[in-house]
Number of protein chains: 2
Amino acid sequence: MNADDIKGFFAERDQLAMADYLELDYYLECIGDIEVALAHFCSEQSTAQWSRIGIDEDFRDLHAAKVLSWELIGELQQLSYPVDQAAEGAIHACRVTIAHPHRNFGPKLPNLMTAVCGEGTYFTPGVPLVKLLDIRFPASYLAAFEGPKFGIDGIREMLGAYNRPIFFGVVKPNIGLKPEHFADIAYQSWLGGLDIAKDDEMLADVPWSSMARRSELLGKARLEAEALTGQKKVYLANITDEVDRMIEQHDIAVKNGANALLINALPVGLSAVRMLSRHAKVPLIGHFPFIAAFTRLEKFGVHTRVITKLQRLAGLDAIIMPGFGSRMMTSEEEVLSNVNECLCDMGHIKRSLPVPGGSDSALTLENVYRKVGSVDFGFVPGRGIFGHPQGPKAGAASIRQAWEAIEQHIPIDTYAQTHPELKAMVEK
Amino acid sequence: MNADDIKGFFAERDQLAMADYLELDYYLECIGDIEVALAHFCSEQSTAQWSRIGIDEDFRDLHAAKVLSWELIGELQQLSYPVDQAAEGAIHACRVTIAHPHRNFGPKLPNLMTAVCGEGTYFTPGVPLVKLLDIRFPASYLAAFEGPKFGIDGIREMLGAYNRPIFFGVVKPNIGLKPEHFADIAYQSWLGGLDIAKDDEMLADVPWSSMARRSELLGKARLEAEALTGQKKVYLANITDEVDRMIEQHDIAVKNGANALLINALPVGLSAVRMLSRHAKVPLIGHFPFIAAFTRLEKFGVHTRVITKLQRLAGLDAIIMPGFGSRMMTSEEEVLSNVNECLCDMGHIKRSLPVPGGSDSALTLENVYRKVGSVDFGFVPGRGIFGHPQGPKAGAASIRQAWEAIEQHIPIDTYAQTHPELKAMVEK
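Residues numbered from 1 in each chain as written. Chains lettered and ligands numbered in written order. Predicted model: local features only at pLDDT ≥ 70, side-chain atom pairs only at ≥ 80, totals over all residues. Heavy atoms only, no water.

- Under an unreviewed UniProt entry, the name given to chain A is Ribulose-bisphosphate carboxylase, and the organism recorded is Prosthecochloris aestuarii.

Here it is in C-alpha cells:
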C-alpha cells in the first residue's frame, strides 16, 4: 500500500456516520511500520481489494474498516508468544479502536464473527498477535436483536425471589446417575432451599439418561417440592445437542416440566442460541465450555467480555461464566467485567443474570457477594451441595444459611454454631 | 484425591473395551505432582464426583476418562504463557493420551466438544495450559456420522476434472460490488479457465448484494460460461447466515443456479454444518474464520488437525484452510497434517478436498503442488486472479498456464515467454 492507500483506512470519528459502524478495540503486536500494519489490518477485515482492475472506483468510502485511534503500548524485544511468521522489523504492542461498517454483514452473529474475529483479523501480514478486546454496537444495530426474553427480572418473577442471589446447584454425580436417583437428589436439594437444580453441562440426552425420562421425573419431583415448600422451583435441563434436535429437545423438556433450559453456547454456536431463544418458552441459561480455549491468554484471542456481550445479545437469560477463586484462572477484574456486561445498559436488550461459578460452597458465598457488589447474581455450587457430608438437602440448606448469616450481618462461624448444615461445611 | 482415587483414572489399553472410547492426545503444562494433575484432568472432563454421598457406588468404571499413557517432555522454569492461577510446585510439560468413554455424550458434535475441550479440559486445578492435539474415533462412533455427501470424487465428477488440482478463485473486490458487476467478473474468470468462482467468506446475504439476486445473476452467467467453454463451472455461494436462515438460503441459492455452497464452519457452528450437510443438494465448502483464535499458539488451545477432522465429520466436501506461505503463519508440518486429515482413511467417511490457501497466484501453484505431493487439492487465489493487470479472464488463464507448465515440466519463466497472461504475473 502506498501512503495514499494507507490514508483510506484512517478516519476521524466526526467524519463517519457512527450509527453505521461497530467500534472494535483490539490489542495488537505488529511488526514493522505501525500505521502500515494498522491499514492492512483494516483492509484485511473489510475491502481487501477496493476496486476492479481498470475501473475508477473505491469501495472504501462505504465499506472499509477504519482506524479511529491507536496508542502505542511499547516496543517489545520479541512477540509475547512465539508465532511461526516471517515479517521483519521492530515489534510494537498497540491498542487500536476501529470503526467497522456493519453494512458489510448485517445483524447476524456468524457474519459478525467472520468480520471481527475471522481470517482478516488473524491473518494480517505483520500482525501475528491480536486480541479482540471489546465491541460496541450502535442502537441501529442492536435494534435487530431481541436479546433475553426473561432476563433477571423474568427469572426473579418466576421464582418469586427478590433482593437476594438466585441459588443454583449442579446435580452431582454429574455423569452416570440413573434418572430416578438424579430426581431424588434434586428433590432433596429443592427441599433444602435450592431455587434451581441443574444438569451438569456435560449431561444431556443420552441412552442411560434420556431427556424425555429425566425431565419427566424431574418435572414431577419439582411439583412435589413446590407443593411441600410452598416455593417455586426450577429444573434446569441441559438440551445441548445437535442444532437440528434442539427445538425438539426444548419441547420435550418443557412439556415434561423442565422450566429453564441449559445450553452450551459456543459448542452449539451463538447463532443456534439465538434461534432457540426465539422459540423458547422458558428462560435459557448459557454455560461456558470451549470459551477458555480462545480467551485465557492476555494477548491473543478474544476477550471474554466480547463473548458475554454476544451471549446476551443472542438471548441468554442467564450466563454461567468462570467466577472468582483461583481454580477458574480468571482475574477478578475480568470476572467483574463479565458481570457488568450482563447488567449494564444495552438499549432495549434485557439484563442477563450473571452466574460466576467455580468450586463454590456456603464458604465462598460471602466473597462472591462482596465482589459482585449486589444481589443480582446466580450462585452455582456443585460438589458444595451434592458432596455435603449430610447429603444434598443439607448441602442446599448450608447455602441458604450462609445467605441468612450475610443478611443478618452475623459472621458465618457464629451462625454455624446454631445451624448444623452450615457447621458441617465450616468444619469440612 | 487419595492414591486409590487417582488409580481410578489410569488404565491399560487392554483393560478397556476400546470401541467404547475416543482417544485424546493433549499437551499439558501442569503444576505439582504429575499423576495427581492427570487424574484431576480426567476427573474434571468426566466423573467429577463419582458417587452419591453415603451410597456405595463408583461411576468411574463406565464413565471415567482414563490416562492410557503419558510422557514427560520436560521441567519448565515457568509456564510457556503466563496465566492468572494460584497452584504452586514444579512445572512440567507432558503429553498424555486419554481414553474418554463416548457413552457420556454420544455422537453429537456440541456434546463431544463440551467433553473434550470444555470446562473440564481448561479448568483442571494445576493444569493452566492445555492443547488438545488429536482425537481418534473408533468405528462404532464414526458409524453415526454421514460425513461429506460428495467429497473429492463427487466434486471431480461434477466438474469432469481429473488428474489435476481444482481451481477456485475468490471474486474481488470482495465487499461492495453490485451483483451485476460481480457476475460479470466471475463470468470472465470462468472463461479464463477457472473451475469455481467463489464468494469471499465475508460476503453473504446483504441488502446491497442479496443472495437471491447474486445467485440469480451468477447462475445465469455460469450457464453461459459452460455453453461457451464446453466445460462445467461452479458458482460457490456463501450462505453463512443465522442458523435458522441457512436452509432457506441454501434453497434460494441452489434454485437460482449456485452449484456449491460456502459456509464459515466455526462462526455458524460445526453442528449447523452437519445439519446443512444433511439437507445439501450440492457440495458444501468450509471456510476457516475464527479457527486461528484458538489454534495459532503451539502450547494452548486446540490443534487445527482436530478441527479439520471435525469439519470432515460434519460433512464438508471441501475444507479451505490456512495454507503455505508466511502470510498464513502456519508451519508446513501443520498444513500438511490438515491436508492429510482431509485425505486419510476414515472408515466410510468420504475424503474432503483440502484447499490450503493464502495469497496465492500462478507463481505459488508449483510450490503448493510440490508440498501437497498430489493433485488432490484445491487452489484458491483471490487477488492473484482478480487483481491481474489484464483482468480476471487473464488472471484465471495465468493459473491454468502455470498448471500446464508444471504438467509439461517446463520452467514457469520459459512457459511465460509464449503465454502473455502468465508473463504478466511473472513480471508483476
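## Structural notes on the interface of chain A and chain B
Next up, step 1: The interface is formed by 94 residues belonging to chain A together with 94 residues belonging to chain B.
Next up, step 2: Of the roughly 8,100 Å² buried between chain A and chain B on both sides combined, carbon and sulfur atoms contribute 61%.
Next up, step 3: Per-residue buried area on chain A facing chain B is highest for F123(A), E242(A) and F290(A); these three make up 9% of the total on that side.
Next up, step 4: At the boundary of chain A and chain B, one finds 14 salt bridges.
Next up, step 5: A salt bridge links R383(A) to E44(B), with the shortest nitrogen-to-oxygen separation between them at 3.4 Å.
Next up, step 6: On inspection of chain A and its partner chain B, the count reaches 42 residue pairs in polar contact (both at pLDDT 80 or more).
Next up, step 7: For the side of chain A that touches chain B, the element with the highest residue contribution is helix α4 (residues 109-116) of chain A, accounting for six residues. (Contact = heavy atoms within 4.5 Å. Buried area = accessible area lost by both parts, 1.4 Å probe. Salt bridge = Lys/Arg side-chain N within 4 Å of Asp/Glu carboxyl O. Polar contact = N/O pair within 3.5 Å; in protein donor to acceptor, adjacent residues only side chain to side chain. Helix = DSSP H or I, 4+ residues; strand = E, 2+ residues; numbered from the N terminus.)

## Here we look at the sheet that holds strand β12 (residues 353-357) of chain A
Where strands meet in a sheet, backbone hydrogen bonds hold them as pairs that are either parallel or antiparallel.
Next up, step 1: Taking strand neighbours across the sheet as the criterion, the eight strands line up as β12-β11-β9-β8-β7-β6-β5-β13 (chain A) in an open arrangement whose pairing is parallel. Since the sheet does not close on itself, it has two edges, and those belong to β12 and β13 (378-379) of chain A, each with one partner. (Pairing = 2+ DSSP bridges.)

## Some thoughts on the packing of aromatic side chains
Next up, step 1: Evaluated as defined, the whole model comprises 23 aromatic pairs over all chains.
Next up, step 2: Taken together, the aromatic side chains of F105(A), F137(A), Y141(A) and F145(A) make up a single cluster linked through ring pairs.
Next up, step 3: Over the ring of W50(A) we find R60(A); its NZ or CZ atom is 4.1 Å from the centre of that ring.
Next up, step 4: Positioned above the aromatic ring of F123(B), the side-chain terminus of R296(A) is 4.9 Å from the ring centre. (Phe/Tyr/Trp six-rings, centres within 6.5 Å; stacked < 30°, edge-to-face > 60°. Lys NZ or Arg CZ within 6 Å of the ring centre and 35° of its normal.)

## Regarding unusual backbone geometry
All names here are of chain A.
Next up, step 1: In the segment running from K172 into P173, the intervening peptide bond is cis, with an omega of 0°.
Next up, step 2: Inspection of the secondary structure assignment puts P173 in the loop between β5 (166-170) and α8 (179-192).
Next up, step 3: In this structure, M329 is a non-glycine residue whose phi angle is positive, near 50°.
Next up, step 4: Tracing the backbone shows M329 in the loop between β11 (318-322) and α15 (332-343).

## Here's the deal with the sheet that holds strand β8 (residues 260-264) of chain B
All names here are of chain B.
Next up, step 1: The sheet built from eight strands is open, its strands ordered β12-β11-β9-β8-β7-β6-β5-β13 with parallel pairing. The two strands at the open ends of the sheet, each matched to only one other strand, are β12 (353-357) and β13 (378-379).
Next up, step 2: For strand β7 (residues 234-238) and β8, the ladder comprises three bridges, and the chain directions are parallel. Looking at β8, one finds that A237 is bridged to L261.

## A closer look at the packing of helix α9 (residues 211-229) of chain A against helix α10 (residues 243-256) of chain A
Think of two packed helices as two axes; the pair is described by the angle between the axes and how far apart they sit.
Residue and element names in this part refer to chain A.
Next up, step 1: Put simply, α9 and α10 touch, their axes get as near as 7 Å, and they point 25° apart. It follows that α9 is roughly parallel to α10 by the angle criterion. Both α9 and α10 take part in a crossing whose hand is right-handed. Residues M211, A212, S215, E216 and G219 of α9 touch α10, and the partners they reach there are Q249, I252, A253 and N256.
Next up, step 2: Tallied by class, residues from the contact of α9 with α10 come to four nonpolar, four polar and one charged. (Axes fitted to C-alpha atoms, helices over the stretch in contact; angles between N-to-C directions. Parallel < 35°, antiparallel > 145°, perpendicular 65-115°, else oblique. Left-handed = near helix turned anticlockwise from the far one by under 90°. Nonpolar A, V, L, I, M, F, W, Y, C, P; charged D, E, K, R; others polar.)

## What about the pattern of salt bridges?
Next up, step 1: By the definition in use, this model includes 70 salt bridges over all chains.
Next up, step 2: In this structure, D25(B) and R95(B) form a salt bridge, with 3.5 Å as the shortest nitrogen-oxygen distance. Separated by 70 residues along the polypeptide, D25(B) in strand β1 (residues 21-31) and R95(B) in strand β3 (residues 91-101) bring together distant segments of the chain.
Next up, step 3: Exposure remark for D25(B): the relative accessible area of 4% places this residue in the buried category.
Next up, step 4: With its nearest N and O atoms 2.9 Å apart, the salt bridge here joins D376(B) to R156(B). Of this pair, D376(B) sits in the loop between α16 (365-372) and β13 while R156(B) sits in helix α7 (residues 151-159); the two residues are 220 residues apart in sequence, bridging distant segments of the chain. One exposure class covers both D376(B) and R156(B), and it is buried.
Next up, step 5: Within the structure, one salt-bridge network assembled from shared partners comprises R13(A), E23(A), D25(A), R95(A), D134(A), R136(A), K309(A) and E341(A). (Buried < 20%, exposed > 50% of the residue type's maximum accessible area, 1.4 Å probe, protein only.)

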